[in-house]
Protein chains: 2
Amino acid sequence: MRILVVEDDRDLNRQLVEALTDAGYVVDKASDGEEGHFLGDTEPYDAVILDIGLPQMDGLTVLEKWRRDGRVMPVLLLTARDRWSDKVAGIDAGADDYVAKPFHIEEVLARLRALIRRAAGHASSEITCGPLRLDTKTSKATVNGTALKLTSHEFRLLSYLMHHMDEVVSRTELVEHLYDQDFDRDSNTIEVFVGRLRKKMGMDLIETIRGMGYRIKSQDNRS
Amino acid sequence: MRILVVEDDRDLNRQLVEALTDAGYVVDKASDGEEGHFLGDTEPYDAVILDIGLPQMDGLTVLEKWRRDGRVMPVLLLTARDRWSDKVAGIDAGADDYVAKPFHIEEVLARLRALIRRAAGHASSEITCGPLRLDTKTSKATVNGTALKLTSHEFRLLSYLMHHMDEVVSRTELVEHLYDQDFDRDSNTIEVFVGRLRKKMGMDLIETIRGMGYRIKSQDNRS
DNA sequence: CAGCCACATTACCGATTGTTCATTCATCGT
DNA sequence: ACGATGAATGAACAATCGGTAATGTGGCTG
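Sequence order as written defines the numbering, with residues in each chain counted from 1. All chains are assigned letters beginning with A, and all ligands numbers beginning with 1, in the order in which they are written. Only residues with pLDDT of 70 or above have their local features reported here, since the model is predicted, and side-chain atom pairs are shown and tallied only from 80 upward, although totals for entire chains, interfaces and linings are computed over all residues. Side-chain calculation: all heavy atoms of the structure are included, whereas hydrogens and water are not.

## Examining the protein's contact with DNA strand D
The test is simple: For each residue, the test is whether any non-hydrogen atom lies within 4 Å of the molecule or strand; if one does, the residue is near. Each polar contact in these results corresponds to two N or O atoms within 3.5 Å; when the atoms are within protein, one needs to be able to donate a hydrogen and the other to accept it, and residues that are neighboring in sequence are counted only if both atoms are side-chain atoms. Counting from the N terminus, the helices are DSSP H or I runs at least four residues long and the strands are E runs at least two residues long. Under this grouping Gly is polar, as are all residues other than the nonpolar Ala, Val, Leu, Ile, Met, Phe, Trp, Tyr, Cys and Pro and the charged Asp, Glu, Lys and Arg.
If you check the shell around DNA strand D, you find 22 residues, and the closest are A:R171, A:T208, A:Y214, B:T151 and B:R196. Counted by atom, the contact set of DNA strand D within 4 Å of the protein is 60% sugar and phosphate. The separation between a phosphate oxygen of DNA strand D and a polar side-chain atom of A:Y214 is 2.6 Å. B:R210 is positioned with one of its side-chain polar atoms (N or O) 3.0 Å from a base nitrogen of DNA strand D. Elements with a minimum of two residues in the surface near DNA strand D: α8 (189-201) of chain A together with α6 (152-163) and α8 (189-201) of chain B. Residue composition of the surface near DNA strand D, grouped by class: five nonpolar, nine polar and eight charged.

## Section: the packing of helix α6 (residues 152-163) of chain A against helix α7 (residues 171-178) of chain A
All names here are of chain A. Rules: All axes are obtained by fitting lines to C-alpha atoms, using only the stretch in contact for helices, and the reported angles, taken between N-to-C directions, cover 0 to 180 degrees. Throughout, the term roughly parallel applies to angles under 35 degrees, roughly antiparallel to angles over 145, roughly perpendicular to angles from 65 to 115, and oblique to all others. Throughout, a crossing is termed right-handed when the near helix is turned clockwise from the far one, and left-handed when it is turned anticlockwise from it by less than a right angle. Every residue pair with non-hydrogen atoms within 4.5 Å of one another is taken to be in contact.
Between α6 and α7, whose axes approach to 11 Å, the crossing angle comes to 120°. Here α6 is positioned oblique relative to α7, judged by the angle of their axes. Remark: the crossing between α6 and α7 carries right-handed chirality. Residues R156, L157, Y160 and L161 of α6 lie in contact with α7, whose contacting residues are E173, L174, H177 and L178. Looking at side-chain class alone, the contact of α6 with α7 contains five nonpolar, one polar and two charged residues.

## Remarks on the UniProt feature "DNA-binding region" (unreviewed entry) in chain A
Under the convention used in this document: UniProt positions are given in the numbering used here, feature names are shortened, and annotations may be inferred rather than shown by experiment.
Within this structure's numbering, the places UniProt gives as "DNA-binding region" (unreviewed entry) are residues 124-218 of chain A. End C-alpha to end C-alpha, residues 124-218 of chain A measures 16 Å, and it is 35% helix and 23% strand.

## Some remarks on the interface of chain A and chain B
The cut-off we apply is this: A 1.4 Å probe defines the accessible area here, and the buried area is the portion of it lost by two parts on being joined, summed over both. Should a side-chain nitrogen of Lys or Arg be within 4 Å of a carboxyl oxygen of Asp or Glu, the pair is scored as a salt bridge.
Of the residues lining the interface, five residues belong to chain A; the matching set on chain B comes to five residues. Counting the surface lost from both chain A and chain B, the interface buries some 400 Å², and carbon and sulfur atoms represent 26% of this. Broken down residue by residue, the surface that chain A buries against chain B is led by A:E106, A:K137 and A:K140, which jointly contribute 68%. Between B:K140 and A:E18 there is a salt bridge whose closest N-O contact spans 3.3 Å. Joining chain A to chain B, the criterion identifies six residue pairs in polar contact (both at pLDDT 80 or more). Its residues assigned to classes, the side of chain A that touches chain B comprises no nonpolar, no polar and five charged.

## Structural notes on α8(B)
Residue and element names in this part refer to chain B. What counts, and what does not: The span expected for a helix works out to 1.5 Å for each residue beyond the first. Burial here depends on accessible area, computed with a 1.4 Å probe over protein chains only, as a share of the maximum for the residue type. Under 20% is buried, over 50% is exposed, and the range in between is partly exposed. It is the directions from the helix axis to the C-beta atoms that the arc portrays.
If you check α8, its first and last C-alpha atoms are 18 Å apart, about what 13 residues at 1.5 Å a residue would give, namely 18 Å. Listed as buried for α8 are I190, F193, V194, L197 and M201. Here the buried residues of α8 occupy an arc of 105° about the axis, which is enough to place them on one side. As for α8, its buried residues are in contact with β7 (132-135), β8 (140-143), α6, α7 (171-178), β10 (206-209) and β11 (213-216). Within two residues after α8, G202 carries a phi angle of roughly 80°, on the positive side.

## Looking at the pattern of salt bridges
All chains considered together, the criterion is met by 42 salt bridges over all chains. Residues joined by salt bridges that share partners form a network here, namely A:D11, A:R14, A:E18, A:D22 and B:K140.

## Notes on the protein's contact with DNA strand C
Around DNA strand C, the structure places 25 residues, and the nearest of them are A:T151, A:R196, B:R171, B:R198 and B:Y214. Within 4 Å of the protein, atoms of DNA strand C come from sugar and phosphate in 62% of cases. Contact between DNA strand C and A:S152: a phosphate oxygen at 3.1 Å from a side-chain N or O atom of the residue. If you list the elements that add at least two residues to the surface near DNA strand C, you get α6 and α8 of chain A together with α8 and β10 of chain B. Along the lines of polarity and charge, the residues of the surface near DNA strand C split into eight nonpolar, nine polar and eight charged.

Written out as structure tokens, the structure is:
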């Protein structure tokens, strides 16, 4: 999962990036509204953490622009405590959730997880798909109840596929969301990892759509 | 850090052990009061998670016995929700903190961290020692503000030493608290890790007391 | 001073993980 | 049916990490 952090407070920005990176996200950062707006407009993110008070361009303005341009990724707004007006304005501008400053980093992480889950249309921290079950909170996966021993990259790949259940996900999309930009785009790493996942899962739950990408089917809509 | 879990509910026991192991603790477990009491009496633990309702021997009885025998390790009691009497009885028996069932695992982890910190005489989640700073919450260490890149074992060793600042810690003690019991007791692994820590820290903050063990000094009480 | 003992240091081993490469296999359009 | 393209596979590789073993070093004791 790839996250954009737009925050001008250097220290806070660093903290957020660090925590997110530790949690296994791929993270881009911006320190002013203009840069943030540009990145959010040009790069594909699974979620954005956006401060309201920003130099160059106000956070709400950035958000409005995105929404006008049809960008639909979930946005977590950082607001000053008890600024009710900010909250209302944020809703109007198309924000999905808020955290009031000052906050605990874990609070942000939890909200973010929930946001990404909701954006993928799941209610709880668990995503189920036939015999496959994935817990986004504990980062554990089971198939038919027995735990899978996945490495961190394997888990992140599986997680992304399950968050986009029934959608065809291209290798390009996977690379963009699971690695930072300077990753060798024409390597077959993704294929290798898909193969390893298939082997570990024992059954082939990952469908290949030739020329398009991969897909995990939600139920047993066996074609 | 070595933790004892005494809980008869198989499922809950498993969950706790798993979460604790994931968090980097060395964990022993018992499923009844008798076994729990024996282990807590014979093995050195940094903390105990103790259920109140146990077969063989009630949790409070176990705790009382330990305290009568002079066992001072912090104990986190698992109680039924709203059983005020349990809480009072627990205080009398020498418990250090409570979590009411049902609980979130993270709640237990947080309380446990706090308990271990407090037992070592620290107030916040950060332990500082001259240029060295260690955050038990994020598992990160810095020296003079710059982050140390420590592996998990290195961090756990440093953490244990800092939790016992100004005390001489023997190699035996370190092995007992950082590894499970079937670890080769006469290996020089500890020396090697101390060496690696010293090199990474750039300065020798870990003192060797010949024939005794190691010590981290709190301030600059240079002898 | 000799020699031992405790610790330090260095190199190395084996397991795990992420990645690349070459080869094989499958699928599709013609 | 055939060839070209895309995907799967297995081997191999480098990096990292935990641990082992052999050797080096320095201080204490007899």
